[in-house]
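Each chain, letter by letter, is given below.
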Amino acid sequence: MIAPRRLKLRHPGGTTRLVVGAGELERGADHLAEWLEGRTVFVITSPRVRGLHGGRLRWLDRRVARRIDLEVPEGEAAKAVSVADGLWNRMLEAGGKRDSRLIAFGGGSVGDLGGFLAGTFLRGIEFVQFPTTLLAQVDASIGGKTGIDLAGGKNTVGLFHHPAAVVSDTAVLSTLPPAELRSGLVEVVKMAYLLDPPLLQQVEEGLPELLTGRPERLVEVVAGAAAAKIQVVERDPAEGGLRRLLNFGHTLGHALEGALGYRGLRHGEAVAYGMLFALRLARHRGLPEEDAARLRSLLATFDLPDLPSGGRLVTSDLMRRMGRDKKAVEGGLVWVLPRRIGRGEAVADLPSALVESELENFLASPLSG
């Protein structure tokens, strides 16, 4: 049995404690007893997560004054303005107070929504993250980003609101299908390629075993990715510079998700295609071919679904969607591009004509160089 890994993220609002290990949700009372004692706690979750893992939170009822479970739709549908509005009102009607607590118990969408609710309800209440997908454990639950979607773009309304704690139980990952594990590992690759080459090698060498979902095998990868992200967030908590590197692959990735109505591509799969496209742009700025080929080769083993054909993805529409990306500035899009393995840069001066031309070529043959 691998011992749990404990980390800390220091930010302007205080410190977030993180624990990564197999079986940590059942030991949640050890981590959070004082934080929960005598409080009203709102548990934001989805029906599927509640059905699969709700029993892991039985200890919660012995610790809190009141527990109120609030179910939300599965996936990205949870991050609608109407869902947030309904939950704010239910929390108010239930007598929620400034010292009430909130637990986000689910994947990345539940975490984004739960953090946003906590950050805005009564001008802010404390919350914790219990992420139940690999993608959420390695990325979405860490760093304080919260958000909901508008029709025009993903995460376009949100705020920074850090959780008091993140409890990542790798035992819950054994219920995920291989495609969902691969999607989460894409976010590990995203960070490792630009920030932590040894972690990249760890994924390359251990991919078949990681995809079995063995909790003990995943502890080190989840903790390694979390540590890499913590280093960046502590240096740039409000995404003013260095933290933008964590958006590698997301500019086109988010546009693909939106164009497809958040159906047909998992988030990590869309980000993988976004990274492949970014490699094309990076070659114009001197990225060595051997470094680009290494990432293409790794992503080729992830069994990415084909991008839809038949006119569902149109260059002009994707360009328009990317222009509304929340990372865009008045001068245009900011692209996160690798300079070499272990080093990236944020680029704001790529000619629109170049991007559009490369995007045309990419849509015609996305897996080629």
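Undergrad: Would you mind going over unusual backbone geometry with me for this structure?
TA: What you tend to see is this: most non-glycine residues have negative phi, and most peptide bonds are trans. The phi dihedral of Arg123 falls on the positive side, at around 65°, and the residue is not glycine. Considering the arrangement of structural elements, one finds Arg123 in the loop between α4 (108-120) and β6 (126-131). Using a relative accessible area of 79% as the deciding quantity, one classes Arg123 as exposed. In this model, Asp303 sits at a positive phi of 50°, which is unusual for a non-glycine residue. You can see Asp303 is positioned in the loop between α11 (289-300) and α12 (315-323). By relative accessible area, Asp303 is classed as exposed at 53%.

Undergrad: What should I look at first to understand the packing of helix α9 (residues 250-259) against helix α10 (residues 267-283) in this one?
TA: When two helices pack together, their arrangement is given by the angle between the helix axes and by the axis-to-axis distance. Where α9 meets α10, the closest approach of the two axes is 7 Å, and the angle between their N-to-C directions is 130°. When the axis of α9 is compared with that of α10, the two are oblique. Pair α9 / α10 crosses with right-handed handedness. Of the residues in α10, those in contact with His250, Leu252, Gly253, His254, Leu256 and Glu257 of α9 are His267, Ala270, Val271, Tyr273, Gly274 and Phe277.

Undergrad: What am I meant to see in the pairing of strand β3 (residues 40-45) here?
TA: Within a regular beta strand, the side chains point alternately toward one face of the sheet and then the other, so they alternate between its two faces. With respect to burial, β3 is a largely interior element, six of its six residues being buried. What you see with β3 is no split at all: Thr40, Phe42 and Ile44 on one side and Val41, Val43 and Thr45 on the other are buried throughout. Bridge count between β3 and strand β5 (residues 101-106): five bridges; the pairing is parallel. For Thr45, the partnering residue across the bridge sits in β5 and is Phe105.

Undergrad: Just checking my understanding: could you explain the side chain of Asp236 for this structure?
TA: Checked against the element boundaries, Asp236 lands in the loop between α8 (215-235) and α9. For the buried Asp236, no salt bridge is present, and the opposite-charge side chain at shortest range is Arg243, 6.5 Å distant. At 3.3 Å, the side chain of Asp236 forms a polar contact with the backbone nitrogen of Glu239.

Undergrad: Is there a simple way to think about the pairing of β5 in this case?
TA: Burial analysis of β5 places six of its six residues in the buried class, the great majority of the element. Pairing analysis gives six bridges linking β5 to β6, with the strands arranged parallel. From the neighbouring strand, Gly106 faces β6, where its bridge partner is Pro131. Running through α4, the crossover from β5 to the neighbouring parallel element β6 is right-handed.

About the cut-offs
- Residues numbered from 1 in each chain as written.
- Predicted model: local features only at pLDDT ≥ 70, side-chain atom pairs only at ≥ 80, totals over all residues.
- Heavy atoms only, no water.
- Helix = DSSP H or I, 4+ residues; strand = E, 2+ residues; numbered from the N terminus.
- Buried < 20%, exposed > 50% of the residue type's maximum accessible area, 1.4 Å probe, protein only.
- Axes fitted to C-alpha atoms, helices over the stretch in contact; angles between N-to-C directions.
- Parallel < 35°, antiparallel > 145°, perpendicular 65-115°, else oblique.
- Left-handed = near helix turned anticlockwise from the far one by under 90°.
- Contact = heavy atoms within 4.5 Å.
- Pairing = 2+ DSSP bridges.
- Lys, Arg positive; Asp, Glu negative; His and termini not counted.
- Salt bridge = Lys/Arg side-chain N within 4 Å of Asp/Glu carboxyl O.
- Polar contact = N/O pair within 3.5 Å; in protein donor to acceptor, adjacent residues only side chain to side chain.
- Right-handed = clockwise from strand over helix to strand, strands pointing away.

By themselves these figures say nothing about function.
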